[in-house]
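Each chain, letter by letter, is given below.
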There are 4 protein chains.
Amino acid sequence: MASTGPINVIAVSGSLRRDSFNTATLRACQSLAPDDMTIELFDPERLAEFPLFSEDRSAQGLPEPVAELCDKIMAADGVLIANPEYHHSMSSVTKTMIDWVSRSPDKPFNQKPIAITGASTGPMGGPWGQYAVRTCFIPLEGLVLNRPEVFVKSSKTKFDESGKLTDNATAEELGAFLGAFAGWIRTVGGQAR
Amino acid sequence: MASTGPINVIAVSGSLRRDSFNTATLRACQSLAPDDMTIELFDPERLAEFPLFSEDRSAQGLPEPVAELCDKIMAADGVLIANPEYHHSMSSVTKTMIDWVSRSPDKPFNQKPIAITGASTGPMGGPWGQYAVRTCFIPLEGLVLNRPEVFVKSSKTKFDESGKLTDNATAEELGAFLGAFAGWIRTVGGQAR
Amino acid sequence: MASTGPINVIAVSGSLRRDSFNTATLRACQSLAPDDMTIELFDPERLAEFPLFSEDRSAQGLPEPVAELCDKIMAADGVLIANPEYHHSMSSVTKTMIDWVSRSPDKPFNQKPIAITGASTGPMGGPWGQYAVRTCFIPLEGLVLNRPEVFVKSSKTKFDESGKLTDNATAEELGAFLGAFAGWIRTVGGQAR
Amino acid sequence: MASTGPINVIAVSGSLRRDSFNTATLRACQSLAPDDMTIELFDPERLAEFPLFSEDRSAQGLPEPVAELCDKIMAADGVLIANPEYHHSMSSVTKTMIDWVSRSPDKPFNQKPIAITGASTGPMGGPWGQYAVRTCFIPLEGLVLNRPEVFVKSSKTKFDESGKLTDNATAEELGAFLGAFAGWIRTVGGQAR
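Residues numbered from 1 in each chain as written. Chains lettered and ligands numbered in written order. Predicted model: local features only at pLDDT ≥ 70, side-chain atom pairs only at ≥ 80, totals over all residues. Heavy atoms only, no water.

1. Concerning the overall build of chain A
Next, step 1: Assigned secondary structure in chain A consists of 7 helices and 6 strands.
Next, step 2: Along its sequence from the N terminus, chain A presents helices and strands in the succession β-α-β-α-α-α-β-α-β-α-β-β-α.
Next, step 3: Structurally, chain A occupies a C-alpha span of about 45 × 40 × 25 Å along its principal axes.
Next, step 4: Taking all 193 residues of chain A together, the buried fraction comes to 63%.
Next, step 5: At a minimum sequence separation of 6, the contacts of chain A that also span at least 24 residues come to 79%.
Next, step 6: Mean positive and mean negative side-chain charge positions of chain A (18 and 23 charges, respectively) differ by 3 Å. (Helix = DSSP H or I, 4+ residues; strand = E, 2+ residues; numbered from the N terminus. Buried < 20%, exposed > 50% of the residue type's maximum accessible area, 1.4 Å probe, protein only. Contact = heavy atoms within 4.5 Å. Lys, Arg positive; Asp, Glu negative; His and termini not counted. Charge placed at Lys NZ, Arg CZ, Asp CG, Glu CD.)

This is the structure in C-alpha cells:
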C-alpha cells in the first residue's frame, strides 16, 4: 500500500539513443516530481541488453536484464513510460520491454499504476504511440492514468545540448502530470492482485 | 510493373519461435498461392539476428541482416506479414522489423503492396495485432490489402506436429486471401514512387 | 462512496434494434449481477430520441432524453455499455450517446467506473468496437475496467427467440465480468472529482 | 474509369455546426483542388436529416437523405471526409454517415478512393479521429489515401469570420493533399468491384 507514505516509481524510456529526448524527459521528471515521489530511471544501457523477444528464449527463463527490470517494477509503486512514436505506433524497444516483462510469472504489470508520456521532434508529440502503449495494458491489467496526457512535441526546441529541459510550459505540464500520477497511485495502488 | 508477369512475394513472420504457428502459416501460404505467385519466406534465423532498434546504431548504417531484408523487399512485388498478437498489439519482433526497414534510404515499404495475416492459439486470431501492423503503413505509405482478413485462430488445432496446415477451411481462406493479394498487386503494384 | 453499500449501475445499449443482442446481453446482466449490484437498463426507446449530435443544438441546452441519461449516470455507481461493432469500430449510436453526455457541464463520465461488453452475430464478438469505446474514456477520464473482456460472439446461437440468454458459458463469463466490475467500483468509485 | 478525364469528388463534413471548421475546410478544398478535380460538398443540412442509425429502420429501406448521399458517392470518383475529433475518436455524425451508407446494397464505399482530413481548435488537429475513420474502411474496402495526412490544428486562427481559410501554410498542405488524392484516384479508381 502506498496510501500515505513516500512513492517510488520506476521509469523506462522506449528509446536507446544516447541523447534521446524521451530519456531526457524522464530525467526532467526526476526533478519535477512531487516531494514524496522518487523516480528511478531504468538504465537505458541495461535495456539495450534485452534480446529480441522469443518464446523459445523465454522458456529458458528470463534473461538477466529482464529479471532485473521485473524486480524493480514489482518493488515500485508505479511505472512511468516515455515512448517515442515510430510510424504511428510505439517504438519496438517499448514493445520489446513489454513483451519480456509480461513473461514473468509474477505478472509485474498486473494492477500496477502506470503513466505514459513521450517526446518527439515532430509537431504532434506522438499521439498514436502513447495510445498504442495504453492498449497493451488492457489485457495485462495495468492501471493507466487517463489524464493529463503530455505530448512533448518539437522536442529539439525544448532541451539544451546537455539534455536539460529548458521549456517552462513543458515543465509545468510534466509537474501536473506527475502530481496526478501520485494521486492515482494513492487511489488504486496496493490493490489485492 | 507486375501487371501481367509472375508475382514474387517476400514473407516475414513476426515470431522467432522455432515451431511458430505464424511461420507455419506462411509456409502453408507458399503452397496455397496462385500459380503465378511465388512466396519466399525470409529466414526467421536471419530475423533473429536483427539487433534491438536504436537510432545511434542505425546512424552507422543498416546491420547486415536488415540490409538483406530491405533488398528482398525492394526486389519483391509484395510483402506478406504474419503477425502474432501479444497484448492487443503486434509482436515486438514485427515492430523491430518495421522500425529497421523504415530506416533504409530506399524506403522499401513506400508504395509496396502488403498483406497482413496472423495466427494465435486463442479464440480470436489476433484482431488487434493485425490492426496495429496496418497502422504503421499509413506514414510509411505501404499499400495494405483491405480484405479478406484472415485470422488463424485456435491454431493448435489446425496444424499437425510437423507444422503442416491440416484445416481445410483455413486453407481455403488463405487461398482466397492470396488470390485477392495477387489482384491487389496487379492493380497498385509498380506505381511511380 | 460505494465502498461497502449496494451498487447501482446504469446500462446503455449501443443498438436501437428492438431485438438487439446487445440489449439482450444487458438484460441477461440484470439477473447475472452479484447480489449487491442492481442494473437499470436505460430505455432504448428513450435513447432513440437523442438527436444527431450538433454543437449548435448543444449550445441551446441538453435535449431532454440526454439530460435524463446524464442524471442517471451521475446518480449511478457505474456505467455498463454494450456496444455492437460496426465496421471495426463502435456503433454510431454508442458514439452519439457519448458525444451528447460529454456536453453536460456535470461531466458525468469523469472518474466514473465503466465496464464495456458487446455482442455480435459474427465469430469475433466485436473486438475493435469495444476497443474504440474504451479510447473515448481517456480524455473523458472514465475509469474503464480492464478485464475480463467479454465478447458475446455468434450471438444468434446464444439467445432464444424471446431474447433470453441460453448459453451457460456466456452466462458464466458475464457473471465473472460483473463480479470484477463490482470489485473495481469498490476500489475506484467515489473518488473526489 | 477516371484514368485521364476530369475527376469529381463528393465531400462530407462530420460536423453539423453551422460555422464548422471542418465544413469550412472542405469549402477551402473546393478552390484548392487541381484544375481537373471538382469537389461537391454534400449539404450539411441534408446530413442533419439522417436519423440515428437503427437496423430496424434500415430494414424498411434507406431514408431519403441517405439514399441521396449513396447515389452521389456511387457517381463520384472519390470521397473526401473532414472529421472533427471528439474524445479521441471520430464524431458521431461521421460514424452515423458511415453506418447508414454501408447499408446500401450498392456498397458505395467498396473500392472507392477516399481521402480523410479534419480540423480542430486544439493543438493536435485530430490525429485519433482521422485514424478512427480510416479503420472503418478496412472491412468496407474503401481505398484510403495514405499521405499526406493534413491536420488543421488551432483552427480558430486559420479562418476568418466568414469561414474563409486565411492561413497560407494550411492552404499549401491541402493543395498537396488534393493533388495526391487525384493521383491516387487515377491509380486505383475504376477498379472492377
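2. Structural notes on the interface of chain C and chain B
Next, step 1: At the interface, 9 residues of chain C touch 9 residues of chain B.
Next, step 2: Summed over both sides, the interface between chain C and chain B buries roughly 910 Å², with carbon and sulfur atoms accounting for 64% of that surface.
Next, step 3: Ranking the residues of chain C by area buried against chain B places C:M124, C:W128 and C:Y131 at the top, with a combined share of 55%.
Next, step 4: Put simply, chain C and chain B have 0 salt bridges between them.
Next, step 5: Counting every contact that joins chain C to chain B gives 4 residue pairs in polar contact (both at pLDDT 80 or more).
Next, step 6: The element contributing the most residues to the side of chain C that touches chain B is helix α6 (residues 127-136) of chain C, with 3 residues.
Next, step 7: Across the side of chain C that touches chain B, the residue classes tally to 6 nonpolar, 1 polar and 2 charged. (Buried area = accessible area lost by both parts, 1.4 Å probe. Salt bridge = Lys/Arg side-chain N within 4 Å of Asp/Glu carboxyl O. Polar contact = N/O pair within 3.5 Å; in protein donor to acceptor, adjacent residues only side chain to side chain. Nonpolar A, V, L, I, M, F, W, Y, C, P; charged D, E, K, R; others polar.)

3. What about the packing of aromatic side chains?
Next, step 1: A full pass over the atoms with the stated rule returns 28 aromatic pairs over all chains.
Next, step 2: Geometrically, the ring pair formed by B:F42 and B:F50 is edge-to-face, given 6.4 Å between the ring centres and 75 degrees between the ring planes.
Next, step 3: With a centroid separation of 5.0 Å and 75 degrees between ring planes, the pair formed by C:F109 and C:F137 is classed as edge-to-face. Here C:F109, found in the loop between α5 (92-101) and β6 (113-119), pairs with C:F137, found in the loop between α6 and β7 (143-144); they are 28 residues apart in sequence, far enough to count as distant. Summarising the burial analysis for this pair, C:F109 and C:F137 share the class buried. (Phe/Tyr/Trp six-rings, centres within 6.5 Å; stacked < 30°, edge-to-face > 60°.)

4. A closer look at the packing of helix α1 (residues 21-32) of chain D against helix α7 (residues 168-188) of chain D
All names here are of chain D.
Next, step 1: Taken N-terminus to C-terminus, the directions of α1 and α7 make an angle of 65 degrees; their axes are 10 Å apart at the nearest point. Between α1 and α7, the crossing angle belongs to the class labelled roughly perpendicular. Seen along the crossing, α1 lies across α7 with a hand that is right-handed. Contact with α1, carried on its side by T25, C29 and L32, involves A171, L174, G175 and L178 of α7 and no other residues of that element.
Next, step 2: Residues of the contact of α1 with α7, tallied by class, amount to 5 nonpolar, 2 polar and no charged. (Axes fitted to C-alpha atoms, helices over the stretch in contact; angles between N-to-C directions. Parallel < 35°, antiparallel > 145°, perpendicular 65-115°, else oblique. Left-handed = near helix turned anticlockwise from the far one by under 90°.)

5. Quick word on the pattern of salt bridges
Once the charged atoms of two side chains with opposite charge are near each other, the side chains can pair.
All names here are of chain D.
Next, step 1: Inspection of every chain in the model, using the stated rule, returns 44 salt bridges over all chains.
Next, step 2: The salt bridge involving R46 is made with E49; its shortest N-O contact spans 2.6 Å.
Next, step 3: Taking relative accessible area as the criterion, R46 reaches 16% and is therefore assigned buried.
Next, step 4: E49 gets classed as partly exposed once you look at its relative accessible area, which sits at 46%.
Next, step 5: Ionic pairing is found between R46 and E68, a salt bridge with its closest N-O pair at 2.7 Å.

6. Overview of the packing of helix α4 (residues 64-75) of chain A against helix α5 (residues 92-101) of chain A
Residue and element names in this part refer to chain A.
Next, step 1: Contact geometry for α4 and α5: axes closest at 10 Å, N-to-C directions at 80 degrees. Relative to α5, α4 is oriented roughly perpendicular. In this structure, α4 uses V66, L69, C70 and I73 to contact α5, whose residues at the interface are M97, W100 and V101.

7. Digging into the relation of the copies chain A and chain B
Next, step 1: By a simple turn and slide, chain A fits onto chain B: the slide is 0.0 Å along the axis, the RMSD is 0.0 Å, and the turn is 180 degrees. Read as a symmetry element, the transformation amounts to a two-fold axis. Distance from the rotation axis, computed per C-alpha, reaches its smallest value in chain A at A:S92: 2.8 Å.
Next, step 2: The share of interface residues of chain A whose copies in chain B are also at the interface is 100%, consistent with both copies meeting through the same surface. (Least-squares fit on C-alpha atoms with pLDDT ≥ 70 in both.)

8. Here we look at the relation of the copies chain C and chain B
Next, step 1: At an RMSD of 0.0 Å, chain C and chain B line up after a rotation of 180 degrees and a shift of 0.0 Å along the axis.
Next, step 2: Here 100% of the interface residues in chain C have copies in chain B that are interface residues too; the copies meet face to matching face.

9. A short note on the pairing of strand β1 (residues 7-13) of chain D
All names here are of chain D.
Next, step 1: In terms of residue burial, β1 counts as a mostly covered element, since 6 of its 7 residues are buried.
Next, step 2: As defined by bridge partners, β1 adjoins strand β2 (residues 37-41) across 5 bridges and the pair is classed as parallel. Bridge assignment links V9 to a residue of β2, and that residue is I39.
Next, step 3: Remark: the β1/α1/β2 crossover connection has right-handed handedness.
Next, step 4: Pairing of β1 with strand β3 (residues 78-82), which is carried by 5 bridges, proceeds in the parallel orientation. Along β3, the bridge assignment pairs S13 with A82. (Pairing = 2+ DSSP bridges. Right-handed = clockwise from strand over helix to strand, strands pointing away.)

10. Considerations on the interface of chain A and chain B
Next, step 1: Contact residues are listed per partner, giving 31 residues for chain A and 31 residues for chain B.
Next, step 2: Taken together, the two surfaces of chain A and chain B that pack against each other cover about 2,600 Å², and 62% of this comes from carbon and sulfur.
Next, step 3: Contact with chain B buries surface across chain A, with A:L52, A:H87 and A:S92 losing the most and accounting together for 27% of the total.
Next, step 4: Scanning the region where chain A abuts chain B turns up 2 salt bridges.
Next, step 5: Residue A:R17 pairs with B:E55 through a salt bridge whose shortest N-O separation is 3.3 Å.
Next, step 6: Mapped onto the side of chain A that touches chain B, the elements with two or more residues apiece are α3 (55-59), α5 and α6 (127-136) of chain A.
Next, step 7: Sort the elements by how many residues they give to the side of chain A that touches chain B and α5(A) lands first, with 6 residues.
Next, step 8: Considering only residue class, the side of chain A that touches chain B consists of 16 nonpolar, 9 polar and 6 charged.

11. Remarks on the pairing of strand β4 (residues 113-119) of chain B
Residue and element names in this part refer to chain B.
Next, step 1: The element β4 is extensively covered by neighbouring structure, given that 7 of its 7 residues are classed as buried.
Next, step 2: Neither face of β4 is open: one carries P113, A115, T117 and A119, the other I114, I116 and G118, and all of them are buried.
Next, step 3: In the classification by handedness, the crossover that spans strand β3 (residues 78-82), the intervening helix α5 (residues 92-101) and the parallel β4 is right-handed.
Next, step 4: Relative to strand β5 (residues 143-144), β4 is paired through 2 bridges, and the arrangement is parallel. Counted as the bridge partner of I114 is V144 from β5.

By themselves, these figures tell us nothing about what the structure is for.
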